[in-house]
Amino acid sequence: METLTLAGAINAGLRKAMERDPKVILMGEDIGALGGVFRVTDGLHKDFGPDRVMDTPLAESGIVGTAIGMSMRGYRPVCEIQFDGFIFPAFDQITTQLAKMHYRSRGKITVPVVIRVPYAGGIGAVEHHSESPEALFAHTAGLRVVTPATPQDGYLMIQQAIASPDPVLFFEPKARYWDKGEVDVDAPFTVDGASAAMSHARVARQGEDVTLVAYGPSVRVALQAAQVCENEGVSAEVLDLRAISPLDIGAITRSVKKTGRCVVVHEAPVPFGAGAEIAARVAEEAFYHLEAPVLRVGGFHSPYPASKLEHDYLPSVDRVLDSIDRVMVH
Amino acid sequence: MDVHGPLSDDGVVRLLTHTGDRVEHPVYSRYAEELDDSTLRQMWREMVVVRAFDREATSLQRQGELGLWVPALGQEAAQVGSGHALRPQDWVFPSYREHAVAHLRGVNLAALLRIFRGLEHGAWVPEEHNFHLYTLVIGSHTLHATGYAMAMDRDGLVGTGDPGRDAAVVCYFGDGATSQGDTNEALIFAAVNNAPVVFFCQNNQWAISEPATRQSKVPFAQRADGVGMPNVRVDGNDVLASYAVTREAMDRARSGGGPGFIEAFTYRMGAHTTSDDPTRYRSKAEEEYWAERDPIARLEAYLTRRGALGDDFRAETEAMAKELAAEVRVATKSASKPPTSEIFDHVFAEPHTIVDAERAWFERYEESFTDAEGGH
């Protein structure tokens, strides 16, 4: 066991993947000598050289587009998009090309590209540096969308994402980069079935009365809310989804069938967000087990606000508790 | 035509005039000299055969057998000339109008029509031909070509001096694509990485209804100057010159000399697609001007004058063209709808629970009708 930050754990996972497979290459802006603006690639340029840790021109579409071409020759490029709000120049390459290549070639071409995205808010950043665009990608068939919430998951899931033969959007909750946790660096890892391994939801806390479904940065908020409401006599179960695509519907419905109540928490705007899909699935598959409507807590249908306002925009512990109160009325 | 900028053919490399007279060029003549009469005859035949295929595909669309067709009429010399400059180990990244290059790479043209009949999105195995799938979004594949070339370089396939090993990528696109951000990013990535890729821009004068002047103030080849990439303009209706400039650029790329940019100055003699109506935006006089510069007629005149195109060869070519057209017609009309289960195939390379659940649901849904009809 080692104590690592989330950023350090992802760094260690990248290193492990690069040692395991010489075809793994990192591409991105400022990921070389600087080690990335969040230092997630720190030291890798020095140890693996500029051919495997490539500083690219400042062109996100170019990064993803050339990564697609390299992956067609058997490489496994891991692209870093510097900030969530900068992914949109690459949106076309990701959704129109990367997501569809395996399908349109009838399985003849695989494009195992990983796109790492520091995402979500809470760090007092300027505009376009705090967004949560995961639903846009989860809505696109052909992409896997995952997000670790803990250093242990950061370490393993980045390796699983790289080993997956499918394209993976790997969303890293940047506000959690400096959170520390125990990491088993010898945790069992198999390349086979890596896609499935990173897609199983994790029960982060057992509970009986209400299920809090969260992922990425919101897992900590949900756990804090569960702690508070325990003092008030409400037992909340917290599910860390890990994957947005595919959603682990089985784990969600299993928990909701037990608790009868469901509150979904994410930073992304609530309308048309991942919570909408989760609520619909729960209604379809656990309707007669529900004691209350499924509620969603998340960002508003506004652009991400200026940073002095972000703590009113983001799903706070208090807002999660408010929703728990509302479902516990039933 | 008294024009300047992108509409002018100033400075194009030309080895055959539009009347089929051979002219010399200080740099490129030597490449054309590699092409003996037998090879040139073969190139003429390929152009004739592909044009017959093209016309047949248009007929099939008119008869409702294809949803759409994208004619390449007029661009045969640019494609056959450049295509002949490729080695088997080179890779081609086409846009969607490179039917002659597809033919040269051994792609079955009848199978290619499956895309336009709505049977599948990609109708050949790229690895079997070193010919990537068509890309319909303008310019997107320029980045894939560049990344692929960067990977070839890493794989030690560049600059070894072994002509059977050294390889490069050629990427085809049109005048409209030069306005896309992706194309410009591809030029930058290729340049700074010294990638073995040749950007082959077929300037056919029209991006559907928009003339070249809506894309550029300067000849398209000059776009490459901004990234320090060698570039050349060529008469794209001259098969010899198209071969020569591609030979030179591919040789340089394979040997480690980096990327190049070719602007083939040509003309889309037909419509953009079968859904297009060029009479709404261009003149009869313009079409007549270019009809006099038909790439096939030009080579034919040259070969005929040399006595290198015998009646037997012509008759045999005509028969081959007819035979291909007939084959394509039969194959197209007999190609039936794929099973609905293909909707769910290959969405992901590894199992995905959502797709699996939807497939299972759809199968049950379809079976429910079978049961209702008495189990047949």
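The structure presented is a predicted model; accordingly, all values stated were derived computationally and were not measured.

Reading the values: rules and limits
Residues numbered from 1 in each chain as written. Chains lettered and ligands numbered in written order. Predicted model: local features only at pLDDT ≥ 70, side-chain atom pairs only at ≥ 80, totals over all residues. Domains from an automatic or database assignment. Contact = placed C-beta atoms within 7 Å. Nonpolar A, V, L, I, M, F, W, Y, C, P; charged D, E, K, R; others polar. Pairing = 2+ DSSP bridges. Helix = DSSP H or I, 4+ residues; strand = E, 2+ residues; numbered from the N terminus. Axes fitted to C-alpha atoms, helices over the stretch in contact; angles between N-to-C directions. pLDDT = per-residue confidence, 0-100. Left-handed = near helix turned anticlockwise from the far one by under 90°. Parallel < 35°, antiparallel > 145°, perpendicular 65-115°, else oblique. Core = buried A, V, L, I, M, F, W, Y, C linked by C-beta atoms within 7 Å. Buried ≥ 20, exposed ≤ 12 C-beta atoms within 10 Å, placed from the backbone.

## Quick look at the domain arrangement of chain A
All names here are of chain A. For chain A, the domain assignment lists domain 1 (2–197) and domain 2 (202–328). Measuring from the centre of the C-alpha atoms in domain 1 to the corresponding centre in domain 2 gives 26 Å. Counting residues at the interface gives 24 residues for domain 1 and 21 residues for domain 2. Looking at side-chain class alone, the side of domain 1 that touches domain 2 contains 13 nonpolar, six polar and five charged residues.

## Remarks on the sheet that holds strand E2 (residues 24–28) of chain A
Residues and elements named next belong to chain A. Across the sheet, seven strands lie side by side as E3-E2-E4-E5-E7-E6-E12; this open sheet has mixed pairing. The two strands at the open ends of the sheet, each matched to only one other strand, are strand E3 (53–55) and strand E12 (243–245). Neighbour-to-neighbour, the strand axes of this sheet turn through a mean angle of 20 degrees, independent of strand direction.

## Side note on the domain arrangement of chain B
Splitting chain B by domain gives domain 1 (5–334) and domain 2 (340–372). For domain 1 of chain B versus domain 2 of chain B, the separation of C-alpha centres amounts to 40 Å.

## What to know about the confidence of the model for chain B
Here chain B shows a mean pLDDT of 96. Residues at 70 or above account for 97%. On the interface metric, ipTM, the complex scores 0.97, and its pTM is 0.97.

## What about the packing of helix H2 (residues 37–62) of chain B against helix H12 (residues 311–334) of chain B?
Residues and elements named next belong to chain B. H12 packs onto H2 with a crossing angle of 35 degrees between their chain directions and a minimal axis gap of 9 Å. Like other packed secondary-structure pairs, H2 and H12 cross with a definite hand, here right-handed. Here H2 contributes Arg41, Arg45, Val48, Val49, Ala52, Phe53, Glu56 and Leu60 to the contact with H12, which in turn contributes Phe313, Thr317, Met320, Ala321, Leu324, Ala325, Val328, Arg329 and Thr332.

## Some points on the interface of chain A and chain B
At the interface, 34 residues of chain A touch 34 residues of chain B. For the side of chain A that touches chain B, the secondary structure elements donating two or more residues are helix H3 (60–71), helix H4 (91–98), helix H5 (101–104) and helix H8 (194–197) of chain A. Its residues assigned to classes, the side of chain A that touches chain B shows 14 nonpolar, 15 polar and five charged.

## Side note on the sheet that holds strand E3 (residues 197–203) of chain B
All names here are of chain B. An order of E1-E2-E3-E7-E6 is seen for the five strands of this open sheet, with the pairing classed as parallel. The outermost strands of the open sheet, each flanked by one partner alone, are strand E1 (91–93) and strand E6 (231–235). Sheet twist, expressed as the mean angle between neighbouring strand axes with direction ignored, is 20 degrees. Judged from the five bridges that link them, E6 and strand E7 (residues 260–265) form a sheet pairing that is parallel. The partner of valine 234 across the bridge, within E7, is alanine 264.

## A closer look at the packing of helix H5 (residues 109–117) of chain B against H12(B)
Residues and elements named next belong to chain B. Two elements in contact, H5 and H12, have axes whose closest approach is 9 Å; the angle formed by their N-to-C orientations is 45 degrees. Taken together, the axes of H5 and H12 are oblique relative to one another. Note on packing geometry: the crossing formed by H5 with H12 is right-handed. Between H5, through Leu109, Ala110, Leu113 and Arg117, and H12, the contact on the second element is made entirely by Leu324, Glu327, Val328, Ala331 and Thr332. The residue makeup of the contact of H5 with H12, split by class, is six nonpolar, one polar and two charged.

## Points about the nonpolar core
Core analysis: the biggest nonpolar cluster contains 206 residues, and Leu212(A), Val263(A), Val169(B), Val197(B) and Ile262(B) have the highest contact counts within it. With near-sequence residues (within four places) excluded, Val197(B) lies in contact with Ala145(B), Thr146(B), Ala149(B), Ala168(B), Val169(B), Cys171(B), Ala190(B), Ala253(B) and Pro259(B).

## A closer look at unusual backbone geometry
All names here are of chain A. Geometrically, the link from serine 245 to proline 246 is a cis peptide bond, its omega value of 0 degrees lying close to zero. Residue position: proline 246 is located in the loop between E12 and helix H10 (249–259). Of note in this structure, alanine 120 is not a glycine but carries a positive phi near 75 degrees. Phi at arginine 242 is positive, roughly 65 degrees, even though this residue is not glycine. Here arginine 242 shows up in the loop between strand E11 (236–240) and E12.

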